[in-house]
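Structural description and commentary
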Amino acid sequence: MKLDTLRSTVTLLGRTGLLAFQALWAYKLRSLFVVIAVSLGIASLTVIIAAYDGANQKAEELTESFGPDAVLVLGGDIFNRPVGQRTLTLSWSDLRHIQQSLPGTYLVVPLRSIAGKTLRYKNKNWNVSRIIGTSANYSEAWNWPLISGRDFTARDITRASRVCLIGETVANALFSKNENPVSKTIFVGTIPFTVIGELSHRGYSGGGGTSLDDRIIVPLTTLAQRFGANRQYFRGLRIKYRNAENMQANVDNLTSYLRYLHKLKPGEPDDFSILTAEEVQRFLSILKGSLTIFLGVTAATAMIVGGFVLANLFYLSVSERTQEIGLKRAVGASKSAIIRQFLLEAVLLTVLGALLGIALGLGLAKLLFIFGLIEIRLSLKIFLSALGAAMAVGLLFGLNPARQAAELDPIRALRGDG
């Protein structure tokens, strides 16, 4: 008995689905409007979910790579001053004092960068985005493993050696797939440098910046001597602590010590900024929230518009199909059957819109990722959420037209009176 009931239900749904598809095909242009309207909302929803999941994943990656035991000190107030008004305030004197006197630190690595130059190796050229100047132990300080080669030593820094580390993007651009870049000589502008190490893959910086792999790292003294970078001041300090259990206390001590070194009076603002893994997470949360709100409003608006388009076109469809509805009622179709017929048509349209919207959304998300604007992460949740939202729109906005169709008087409907 149960098997017969199941077969009857499947047969009924199959016939209803076929009738619904035939009805939609008969009004192809009208159906296309609904599909397009719904697809725009689903595309936005797809980007939201992909970007939200990608931002969560990126936050975890950045927190791990930044390190819970590290801080980054930047010269100038990056929180309250625009870029053009920030000054270089961190000096070699600050570095030496922190190394010698600040308790708990075991690595203090300076950082300075300049705009990229053209790199050349044999007949290959590459315009690198940034040239970074630093000191010994760069890889360890930034939790950035080397694929091959070695890190800078104190001797490289004191002698201003023409040696460099290169990122993955640079290695792929200048060297063939099976060629080890270590010990090879490349030209940075017109100056020859020996590659001593290749850094592992890092990806994009938070907030959609440039690729972290598109860089070349040289000794800070070499950057000053060969490329005219400021010899006394640098942009930042990367500091690692032995004890990461109470980073807030470490940050407070560092803040007090730098204010003392810079002779800042009580009430004067800091002329430096300190970033921790917690600050990075907070920034990404703000960015993620802003993105979600913007795309959420866009998706909701598009979905509502799509729903109203669907409802209006279905009201029109009811008025045009009164004789069809009357004939079905006259041969025994129940009100529930009419409602089911129209709701299935609405859901079919919105599901088609969902499939198109998912394709559009994934394409847009991929494009934004290529340009470094957002991180994306694809998952089954995207597909299920899009289908669920589309079906909800179809049922919600198709219900009233379906009820109106079911309430038509069969006799008047057959005469075409509506």
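First, a word on scope: everything that follows refers to the structure included in this document. All figures in this text were calculated on a predicted structure; none of them were measured in a lab.

Looking only at helices and strands, one finds 13 helices and 14 strands in the protein. Residue burial in the protein is summarised as follows: out of 418 residues, 46% are buried. For the protein, the computed accessible surface area is about 21,500 Å², with 60% contributed by carbon and sulfur atoms.

Attention now moves to helix α7 (residues 220-227). Those residues of α7 that fall on the buried side of the exposure criterion are L220, T222, L223, A224 and F227. G228 lies just past α7 and shows a positive phi near 75°.

Turning next to the nonpolar core. In terms of nonpolar packing, the biggest core is built from 42 residues, with V73, I186, I216 and L254 touching the most fellow members. It is helix α8 (residues 247-261) that contributes the most residues to this core, six residues altogether. Grouped together as the second largest cluster of nonpolar side chains are 27 residues, A311, V318, A390 and A406 included.

One can find A390 in helix α12 (residues 380-406). On the accessibility criterion, A390 (0% relative accessible area) is buried. Once you skip the residues sitting within four places of it in the chain, A390 turns out to touch I42, M303, T350, V351 and A354.

A complete count under the given rule lists three salt bridges for this structure. One salt bridge connects R150 with D156, and the closest N-O pair in it is separated by 2.9 Å. The buried category is assigned to D156, whose relative accessible area is 6%.

To continue, consider the environment of L45. Tracing the sequence through the fold places L45 in helix α2 (residues 28-66). Along the primary structure L45 and I358 are separated by 313 residues, whereas in three dimensions their C-alpha atoms are 8.5 Å apart. With residues near it in sequence (within four places) discarded, L45 still touches A299, S385, A386 and A389.

Now for the packing of aromatic side chains. When we look at a pair of aromatic rings, we describe it by the centre distance and by the angle of the planes. Enumeration according to the criterion identifies six aromatic pairs in this entry. Here R120 stacks its cationic end above the ring of F187, 4.5 Å away from the centre of that ring. Just above the ring of W142 sits the side chain of R238; from NZ or CZ to the centre is 4.3 Å.

Time to look at the layout of surface pockets. Leftover empty space is mapped by rolling, across the atoms, a probe with the size of a water molecule. As a volume, the second largest pocket reaches approximately 360 Å³. Along its surface, the second largest pocket is lined by 20 residues, and Q248, V251, I274, T276 and E279 are the ones closest to its centre. Elements represented by at least two residues in the lining of the second largest pocket include exactly α8, β14 (272-276) and α9 (277-320). A total of five residues in the lining of the second largest pocket trace back to one element, the largest contributor, which is α8. Across the lining of the second largest pocket, the residue classes tally to eight nonpolar, six polar and six charged.

Time to look at the pairing of strand β5 (residues 124-127). As paired elements, strand β4 (residues 118-121) and β5 share four bridges and run antiparallel to each other. In the strand pairing of β5, R120 is matched with N125.

What follows concerns helix α3 (residues 92-101). Because each turn of an α-helix spans 3.6 residues, side chains separated by three or four positions end up pointing in the same direction. Those residues of α3 that sit buried are D94, L95 and I98. Angularly, the buried residues of α3 cover 100° about the axis, an arc narrow enough to put them on a single face. Looking at the buried side of α3, the elements it contacts are β2 (90-91), β3 (105-115), β12 (233-234), β13 (236-241) and α8.

It is worth spelling out the pairing of strand β6 (residues 130-134) at this point. For β6, the tally of buried residues reaches four of five residues, placing the bulk of the element in the interior. The pairing of β3 with β6 spans five bridges and is classified as antiparallel. Pairing of S113 across the sheet is with I132, part of β6. Sheet topology note: the β6/strand β11 (residues 215-219) ladder contains five bridges and is parallel. When the sheet's bridge partners are listed, T134 is paired in β11 with P219.

For the rest of this paragraph, the subject is the packing of α3 against α8. For any two helices packed against each other, one specifies the inter-axial angle together with the distance between the axes. Between α3 and α8, the least distance of the axes is 11 Å, while the angle of their chain directions is 135°. For the element pair α3 / α8, the angle class is oblique. As α3 packs across α8, the resulting crossing turns out to be right-handed. Across the interface between the two elements, D94, H97, I98 and S101 from α3 touch L254, Y257, L258 and L261 from α8.

Positive phi is not limited to glycine here, since N143 has a value of about 50°. Tracing the backbone through its elements, the reader meets N143 in the loop between α4 (138-141) and β7 (146-149). Exposure remark for N143: the relative accessible area of 25% places this residue in the partly exposed category. One non-glycine residue, K263, lies in the positive phi region at around 55°. Counting through the fold element by element, K263 comes out in the loop between α8 and β14.

Moving on, we come to a nonpolar patch on the surface. On the surface, a cluster of nonpolar side chains totalling about 410 Å² of accessible area is made up of L32, I36, L40, L356 and L360. The set of elements that each furnish at least two residues to the nonpolar patch consists of α2 and α11 (335-370). Examining the composition of the nonpolar patch, we find that three residues originate from one element, α2, more than from any other. Taking the relative accessible area as the measure of exposure, L40 reaches 48% and is therefore partly exposed.

Rules used in this analysis
- What you see as residue numbers is a count from 1 along each chain, following the sequence as written.
- Totals for whole chains, interfaces and linings use every residue, but because this is a predicted model, local features are given only for residues with pLDDT of at least 70 and side-chain atom pairs only at 80 or more, for both listing and counting.
- To get the side-chain values, all heavy atoms of the structure are used, and hydrogens and water are removed first.
- Only DSSP runs of H or I with at least four residues qualify as helices, and only runs of E with at least two residues qualify as strands; both kinds are numbered from the N terminus onward.
- The classification of residues rests on relative accessible area computed with a 1.4 Å probe and restricted to protein chains. Under 20% of the type maximum is buried, over 50% is exposed, and intermediate values are partly exposed.
- All accessible areas in this document rest on Shrake-Rupley with a 1.4 Å probe, and a residue is counted as covered only by the protein chains that are shown.
- To qualify as a nonpolar core, a set must consist of buried Ala, Val, Leu, Ile, Met, Phe, Trp, Tyr and Cys residues joined through side-chain atoms within 4.5 Å.
- The contact criterion used throughout is that any non-hydrogen atoms of two residues lie within 4.5 Å.
- The salt bridge criterion pairs a side-chain nitrogen of Lys or Arg with a carboxyl oxygen of Asp or Glu, the two atoms within 4 Å.
- Side-chain rings of Phe, Tyr and Trp (the six-membered ring for Trp) are treated as a pair once their centres are within 6.5 Å; stacked means planes under 30 degrees apart, edge-to-face means over 60, and tilted covers the remaining angles.
- Distance and angle both matter: a charge sits over a ring if NZ of Lys or CZ of Arg is within 6 Å of the ring centre and within 35 degrees of the ring normal.
- Lining residues are defined by having an atom within 4 Å of a point belonging to a cavity or pocket. Those points lie on a 1 Å grid over the protein atoms alone, cavities being sets where a 1.4 Å probe fits but cannot get out and pockets being open sets with protein on both sides within 12 Å along at least five of seven lines.
- Grid points are joined across faces, edges and corners, and a volume is the space filled by probe spheres set on the points.
- Put simply, Ala, Val, Leu, Ile, Met, Phe, Trp, Tyr, Cys and Pro go in the nonpolar bin, Asp, Glu, Lys and Arg in the charged bin, and everything else, Gly too, in the polar bin.
- Pairing between two strands requires that DSSP report at least two bridges joining them.
- This arc corresponds to the set of directions leading from the helix axis out to the C-beta atoms.
- Here the axes come from fitting lines to C-alpha atoms, over the contacting stretch only for helices, and the angles between their N-to-C directions go from 0 to 180 degrees.
- Should an angle fall under 35 degrees it is taken as roughly parallel, and over 145 as roughly antiparallel, whereas 65 to 115 is taken as roughly perpendicular and any remaining angle as oblique.
- Left-handed describes a crossing whose near helix is turned anticlockwise from the far helix by less than a right angle; the clockwise case is right-handed.
- What makes a patch is a set of residues exposed beyond 30% relative accessible area and free of salt bridges, joined within 9 Å when like-charged and within 5 Å when nonpolar (Val, Leu, Ile, Met, Phe, Trp, Tyr).

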